[in-house]
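# Coordinate inspection notes
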Amino acid sequence: MSYTQSPPLTKKEIEDFCSSAKVIRICTHNEDGTIHAVPVWFNYKNGHFIIKTPEKTLKVRNLMRDNRLTLLLDKEIPPGKGVIIYGTAEVEFEEEEIKEGTTYKEGLELLEKYMSKEEAEKTFAGFRALTDWVTITVIPERVVSYDFAKDDKHWNAVAYTQFVLYTRPDRITDEEVIFHIEKKICLVCKKEILKFTYVCPECEIFYCMNCSQALANLENVCWVCNTPIDESKSSKPFEIEKYEKKMKKSKKS
Ligand SMILES: [Zn+2]
Ligand SMILES: [Zn+2]
């Protein structure tokens, strides 16, 4: 069976992701052939990634020897998405740069992404007193991306797993409904809802993200009140046997 990569992000989605992400993982080549990977703060400007780091770090030593690198931007909460950037880095040491006055401006700009202007100025002064810094400018050469939210095969597999594990009860009592709403528990998987959630607009019952996606992809109705989850799609009762047959067929092709 072949496994295909999830669909990519569009150019605009990549730009938005690069502009809004807080942390990027920078991967450089160690001398022994292993990869050095660390999360860093960064600024995204005119298609380049600006990273500030202490001069005496392994990533700087690695880049001075081999300026090729990989950056990874990813999203931890499902549905996952990511951008992998292959490129080269230019490393600028502080002294040369201070003359041009860019270190100060760029350093502040980067910090202001994470804190107020006033805090940035104080933090910057503190950092500067601590050690010498370098500016790493990453010039992307090749960009690869993936977005699980666009991947129907992925969601079908998630949906299938949910529905094999959890089947709709014949009857849900009012007490059960109240219990699930009060405790913020997903009606399908019974797990506590932490972050993302779907609340039925009709009966106000909670579904966790996986279960609401699964419901929307399959029977597409609220288990309590039969209100459609995704109004743009049709609603139909879910039949596991039919679904298994369909899965087997798509596995062969
Ligand atoms: Zn759930
Ligand atoms: Zn409902």
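None of the values given here were measured: they were computed from a predicted structure. (Residues numbered from 1 in each chain as written. Chains lettered and ligands numbered in written order. Predicted model: local features only at pLDDT ≥ 70, side-chain atom pairs only at ≥ 80, totals over all residues.)

## Notes on the overall build of the chain
Along the chain, the regular secondary structure elements total nine helices and nine strands. Residue burial in the chain is summarised as follows: out of 253 residues, 23% are buried. Put simply, 58% of the contacts in the chain that link residues at least 6 apart link residues at least 24 apart. (Helix = DSSP H or I, 4+ residues; strand = E, 2+ residues; numbered from the N terminus. Buried ≥ 20, exposed ≤ 12 C-beta atoms within 10 Å, placed from the backbone. Contact = placed C-beta atoms within 7 Å.)

## As for the pairing of strand β4 (residues 48-54)
Pairing of strand β3 (residues 43-45) with β4, which is carried by three bridges, proceeds in the antiparallel orientation. Across the sheet, Lys45 pairs through a bridge with His48, a residue of β4. Taking the residues that link successive antiparallel strands as the turn, the β3-β4 hairpin has two residues, and the phi of Asn46 there is positive, at about 50 degrees. The sheet contact formed by β4 and strand β7 (residues 133-147) spans six bridges and is antiparallel. Each bridged residue has a counterpart across the sheet, and for Pro54 the counterpart in β7 is Trp133. (Pairing = 2+ DSSP bridges.)

## Quick notes on the sheet that holds β4
The strand order across the open sheet built from seven strands is β2-β1-β5-β6-β7-β4-β3, with neighbouring strands paired in antiparallel fashion. Because the sheet does not close on itself, it has two edges, and the strands there are β2 (35-40) and β3. In this sheet, neighbouring strand axes are inclined to one another by 30 degrees on average, regardless of whether the strands run parallel or antiparallel. Both strand β6 (residues 81-93) and β7 contribute to a ladder of 13 bridges, which runs antiparallel. Within the sheet, the bridge partner assigned to Thr88 lies in β7 and is Ile139. Relative to the sheet, helix α1 (residues 11-20) contacts β3, β5 (68-74), β6 and β7, its axis offset from that of β6 by approximately 60 degrees. (Axes fitted to C-alpha atoms, helices over the stretch in contact; angles between N-to-C directions.)

## Section: the environment of Cys211
The residue Cys211 is located in helix α8 (residues 209-217) in this model. Each C-alpha atom of the pair Cys211 and Tyr198 lies 8.9 Å from the other, and the pair is 13 residues apart in sequence.

## Quick notes on the nonpolar core
Ranked by internal contacts, the top residues of the largest apolar core, which has 19 residues, are Cys186, Leu187, Val188, Tyr207, Cys211, Leu215 and Cys222. Secondary structure elements with two or more residues in this core: β9 (206-208) and α8. In terms of residue count, the dominant contributor to this core is α8 (four residues). Counting residues in hydrophobic clusters, the runner-up holds 18 residues, among them Phe42, Phe49, Ala89 and Trp133. (Core = buried A, V, L, I, M, F, W, Y, C linked by C-beta atoms within 7 Å.)

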